[in-house]
Amino acid sequence: MNRIKIHSLLQSKTPLDQVQVSGWVRTRRDSKGFSFIEVNDGSCLKNIQIIAPSSLPNYDEIQRLTTGSAVGISGSLVPSQGKGQSWEITATRISVIGPAPETFPLQKKRHSDEYLRTIAHLRPRTNKYGAVFRIRSELSYAVHTFFRDRGFRYIHSPIITGSDCEGAGEMFRVTTLDIKNPELKDRGLDATRDFFGKEASLTVSGQLSAEMFALALGDVYTFGPTFRAENSNTRRHAAEFWMIEPEMAFCDLSGNMDLGEELIRYLINHVLRECREDMELFGNFVDKTLMETLNHILSSEFIRLSYTEAVEILKTSKVSFDYPVAYGIDLQSEHEKYLTEIHFKKPVILHDYPKTIKPFYMRLNVDQRTVAAMDILVPGIGEIVGGSQREERLDVLQDRMDEMGLLKENYWWYLDSRRYGSVPHSGFGMGFERLIMMITGITNIRDVIPFPRTPGNIDF
Ligand code: 4AD
Ligand code: MG
């Protein structure tokens, strides 16, 4: 089987004899004595044009080739006569590897994102989704490079967990009990008889594990799937998503904000440099202002502003929000949008939130009312990063847990880290899909995940 990719062929500096490519037919048209076939193999946005002369022994079969069929081609790479491409292949042999009948759902026309979600198994064969998932892959690589270059160690935090990191109760339960058993209906799920002998769930965040490792290896990060059973059907929430979570020992909130800002800039720069062609597609067809927005994020100083100041700005804005603003509310997406898109027109880092709306592990400030939290908001997305300096003082942490009604026994190991060699430390979580949305201009999280999981939707 041929494994040369169209992406590398198109980089060629010279004509080449005897090249072989394989891919899927995008379009085909006949001309006198020739058939022109556009083939794409997913290695890049561009197709390669194949010239099939009528002298080929299976020319009849070639003339019946339909969109979506898989083909293998041998021939020579020659400068293209036509416009729009620099190279084409004059074929000496074309084999039909896997035909696609006319029922192939991706005929050459623009399909709506909504329709493409119903055929999520085929959508990566379109230009747009091919580009999304090449960029997603490239960004994962860049995340690891960013941290590795800065001496961070990669930690694999568990997916099945016994603790609710965020304390929001949005966990998917993991059980091997036979929930169809009628006896269970009356008795309820008895965790002591379950697989782990305790309640188990899918993790909402790898942070608690990452903290333990930061207090051993220094600077660490996790990057993996996280799960939330929030029943909110919005454009920016998924039930399964990926999170990047750095955690730094001996680091305060301002160092944490610096890292978040640096990471965002690094990833944008990386994609603009490495995925130029795919990014042009998003700039031309998804969001005409995309390049301007990204360049603006790169060149802007991120505004740093306390929650209290943000609430004041929102209150005096004279905008009538659906959700009224008052000190102590959790900011809604309309508020985040106002701050980052209208008021500042820049990324904004909000810090020092009221303790009442944040999880137990955030460090209590001297005012006793706020915690050392920070969220990064970006235009078009709203919250992309959520993080904090952690409470490293054992007594304060225990008081907070009591206040919030958490069972300290379940967190004995977490509290141990504050008993033995506790140090100031900080970290954050960046939603990987929100990052991809920001970078591609795609406005629905369902369109940047291969097979999205949202309330009522577990197809594929
Ligand atoms: O702000 P969150 O809830 O923070 C945490 O989970 C912390 N434990 C992270 C840490 O400090 N290590 O989530 C972090 C980010 C959000 O800013 C958002 O980008 C993303 O994760 N996120 C989601 N993305 C998609 N779908 C959802 N349902 C998400 N919930 C959070
Ligand atoms: Mg958050």
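The structure displayed is predicted, hence computed values, not measured ones.

Overview of the overall build of the chain
Scanning the chain from terminus to terminus reveals 14 helices and 16 strands. The principal-axis extents of the C-alpha atoms in the chain amount to approximately 85 × 60 × 45 Å. Restricting the contact set of the chain to residue pairs at least 6 apart, pairs at least 24 apart contribute 67%. Carbon and sulfur atoms make up 52% of the accessible area of the chain, which totals about 22,500 Å². The averaged location of the 60 negative side-chain charges in the chain is 6 Å from the averaged location of its 55 positive side-chain charges.

Brief notes about the pattern of salt bridges
For the structure shown, the criterion picks out 24 salt bridges. Residues aspartate 447 and arginine 117 are paired through a salt bridge, measuring 2.8 Å at the closest nitrogen-oxygen approach. Placement of the pair is aspartate 447 in the segment after α14 (432-440) and arginine 117 in helix α3 (residues 113-118), with a sequence separation of 330 residues. On the accessibility criterion, aspartate 447 (2% relative accessible area) is buried. Between aspartate 258 and arginine 304 there is a salt bridge whose closest N-O contact spans 2.7 Å. Residue aspartate 258 is found in helix α7 (residues 253-274), and its partner arginine 304 is found in strand β12 (residues 303-306); the two are separated by 46 residues along the sequence. Three or more residues are tied together by salt bridges with common partners; here these are Asp258, Glu261, Arg265 and Arg304.

Details of the site of ligand 1
Near ligand 1 there are 25 residues, and of these Glu166, Gln207, Arg228, Glu245 and Glu383 occur at the shortest range. The separation between an oxygen atom of ligand 1 and a polar side-chain atom of glutamate 383 is 2.6 Å. Residue arginine 390 places a side-chain N or O atom 2.9 Å away from an oxygen atom belonging to ligand 1. Contributions of two or more residues to the shell around ligand 1 are made by β11 (240-249), β15 (382-389) and β16 (425-431). For the shell around ligand 1, the leading source of residues is β15, giving five residues. Of the residues contributing to the shell around ligand 1, the split by class is nine nonpolar, eight polar and eight charged.

Some thoughts on the packing of aromatic side chains
Tallied over the full model, the rule gives 17 aromatic pairs. In this structure an aromatic cluster arises from ring pairing among Phe146, Phe147, Phe152, Tyr154, Tyr221 and Tyr266. Cation over ring: arginine 29 sits above phenylalanine 36, and NZ or CZ is 4.4 Å from the ring centre. It is arginine 150 that lies over the ring of tyrosine 266; its NZ or CZ is 5.4 Å from the centre.

Cut-offs used in this document
- Residues numbered from 1 in each chain as written.
- Chains lettered and ligands numbered in written order.
- Predicted model: local features only at pLDDT ≥ 70, side-chain atom pairs only at ≥ 80, totals over all residues.
- Heavy atoms only, no water.
- Helix = DSSP H or I, 4+ residues; strand = E, 2+ residues; numbered from the N terminus.
- Contact = heavy atoms within 4.5 Å.
- Areas by Shrake-Rupley, 256 points an atom, 1.4 Å probe, with all protein chains shown as cover.
- Lys, Arg positive; Asp, Glu negative; His and termini not counted.
- Charge placed at Lys NZ, Arg CZ, Asp CG, Glu CD.
- Salt bridge = Lys/Arg side-chain N within 4 Å of Asp/Glu carboxyl O.
- Buried < 20%, exposed > 50% of the residue type's maximum accessible area, 1.4 Å probe, protein only.
- Near = heavy atom within 4 Å.
- Polar contact = N/O pair within 3.5 Å; in protein donor to acceptor, adjacent residues only side chain to side chain.
- Nonpolar A, V, L, I, M, F, W, Y, C, P; charged D, E, K, R; others polar.
- Phe/Tyr/Trp six-rings, centres within 6.5 Å; stacked < 30°, edge-to-face > 60°.
- Lys NZ or Arg CZ within 6 Å of the ring centre and 35° of its normal.

So yeah, pure geometry; function would need other evidence.
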